[in-house]
Amino acid sequence: MAGSIERVEQAATAAGLQIAVRRMGASTRTAEEAAAQCGCTVGQIVKSLVFQGERSSRLYLFLVSGANQLDLAKAAALTGEPLVRADPRHVRDETGFAIGGVAPIGHRIAIAAFADDALLQYDRVWAAAGAHDAVFAAEPAALFKAANASTADLAR
Ligand code: 5CA
């Protein structure tokens, strides 16, 4: 998907977040694979999960630690409507990122975002950078600010 890594880099720059995107040369599609490639714990991987509002059809982004599962009831309480997992094609069309490479920043559309407060315990977390083998590291609070994400207890 041409341009998606560049979109992440440009969004970081625009937000004043310094990142260096790394192409790992191996899959970072899942949190486990990303942790193995980054040499960090699964908890330090930021999953960028896209859900859709059942009433509004609006997309929402949840930045969740790789160690945690998103609690859908907590998530729905934050968005004010029931949520369903967004269809992969819809995710790609709207955000510009394919599942497995969805980044926390640089989406084509403005997207309301919420971040797992468990990620704040780490000095550094790793997130997808727009491709299946691309990641970047960031300080979690700075990343959440760049993503315009509000922090909450999201874990099941
Ligand atoms: N690059 C890695 C870690 S940085 C990554 O993107 N991980 S992830 O967790 O954010 O993206 C994979 C997630 O995509 C899965 O946890 C799952 O929630 C979601 N996913 C996988 N398959 C589908 C699908 N068919 N439809 C919608 N979402 C899916």
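Residue indices begin from 1 for each chain and proceed along its sequence in written order. Residue-level local features of this predicted model are given only where pLDDT is at least 70; pairs of side-chain atoms are given and counted only at 80 or more, and the full residue set underlies all totals for whole chains, interfaces and linings. Here the side-chain values reflect all heavy atoms present in the structure, with hydrogen atoms and water set aside.

Some words on the site of the ligand
Worth spelling out the cut-off: Near residues are defined by distance, with any heavy atom within 4 Å of the molecule or strand qualifying the residue. Pairs of N or O atoms within 3.5 Å make up the polar contacts considered here, provided that, within protein, one atom can donate a hydrogen while the other can accept it, and that residues adjacent in sequence are counted only when both atoms are side-chain atoms. In short, Shrake-Rupley with a 1.4 Å probe defines the accessible areas, and a residue's cover is counted only from the protein chains shown. Here a cavity denotes grid points, spaced 1 Å and computed from the protein atoms alone, that fit a 1.4 Å probe unable to get out, and a pocket denotes an open set having protein on both sides within 12 Å along at least 5 of 7 lines; residues with an atom within 4 Å of a point are the lining. Placement in a cavity or pocket follows one criterion, namely that more than half of the molecule's atoms lie within 2 Å of its grid points. A run of H or I in DSSP counts as a helix once it spans at least four residues, and a run of E counts as a strand once it spans at least two, with each numbered from the N terminus.
The immediate surroundings of the ligand are formed by 15 residues, with Thr28, Arg29, Ser48, Arg85 and Gly100 found nearest. Residue Arg29 places a main-chain N or O atom 3.3 Å away from a nitrogen atom belonging to the ligand. The separation between an oxygen atom of the ligand and a polar side-chain atom of Arg85 is 2.5 Å. In the complex, 75% of the free accessible area of the ligand, which totals 610 Å², lies under the protein chains. Mapping the ligand onto the cavity grids shows that it belongs to the largest pocket. Sorting the residues of the shell around the ligand by element identifies β2 (45-53) and β6 (125-128) as the ones contributing at least two each. With 5 residues, the single largest contributor to the shell around the ligand is β2.

Digging into the pairing of strand β5 (residues 112-116)
Selection criterion: The cut-offs for exposure are 20% and 50% of the maximum accessible area for each residue type, with area from a 1.4 Å probe on protein chains only; residues under the lower value are buried, those over the upper are exposed, and the others partly exposed. Two strands make a pair as long as DSSP finds a minimum of two bridges between them.
Burial runs high along β5: 4 of the 5 residues are buried. By the bridge criterion, 4 bridges tie strand β3 (residues 59-65) to β5 in an arrangement that is parallel. Bridge pairing in β5 links Phe62 to Phe114.

Some remarks on the layout of surface pockets
Over the atoms, a rolling probe the size of a water molecule traces out where space has been left empty. Filter applied, for reference: Grid points are joined across faces, edges and corners, and a volume is the space filled by probe spheres set on the points. Only Asp, Glu, Lys and Arg are considered charged in this grouping, and only Ala, Val, Leu, Ile, Met, Phe, Trp, Tyr, Cys and Pro are considered nonpolar; every other residue, Gly among them, is considered polar.
The space that makes up the largest pocket amounts to roughly 600 Å³. Looking at the lining of the largest pocket, the elements that each hand over two or more residues are α2 (31-38), β2 and β6. Considering each element in turn, the lining of the largest pocket owes the most residues, 7 residues, to β2. When its residues are assigned to classes, the lining of the largest pocket shows 17 nonpolar, 8 polar and 5 charged.

Description of helix α3 (residues 72-79)
Along an α-helix, residues three or four positions apart point the same way, because every turn accommodates 3.6 residues. The criterion, for reference: Arc definition: it is the arc formed by the directions from the helix axis to the C-beta atoms. Here, two residues are considered to be in contact whenever any of their heavy atoms come within 4.5 Å of each other.
Burial in α3 covers these residues: Ala75, Ala76 and Thr79. All buried residues of α3 fall inside an arc of 100 degrees around its axis, so they share one side. Away from the buried face of α3 by more than 90 degrees, exposed residues Ala73 and Ala77 are located. For α3, the elements touching its buried residues are β3, β4 (83-85) and β5. You can read the cap of α3 off the contacts: a side-chain oxygen lies 2.9 Å from the backbone nitrogen of Ala73, and it is on Asp71. Of the residues trailing α3, Gly80 is marked for its positive phi of about 80 degrees.

Re unusual backbone geometry
Not every positive phi belongs to a glycine, and Ser57 is a case in point at roughly 65 degrees. Mapped onto the elements of the fold, Ser57 is located in the loop between β2 and β3. Positive phi outside glycine occurs at Asn148, with the angle close to 60 degrees. On the secondary structure map, Asn148 appears in the loop between α5 (140-146) and β8 (149-152).

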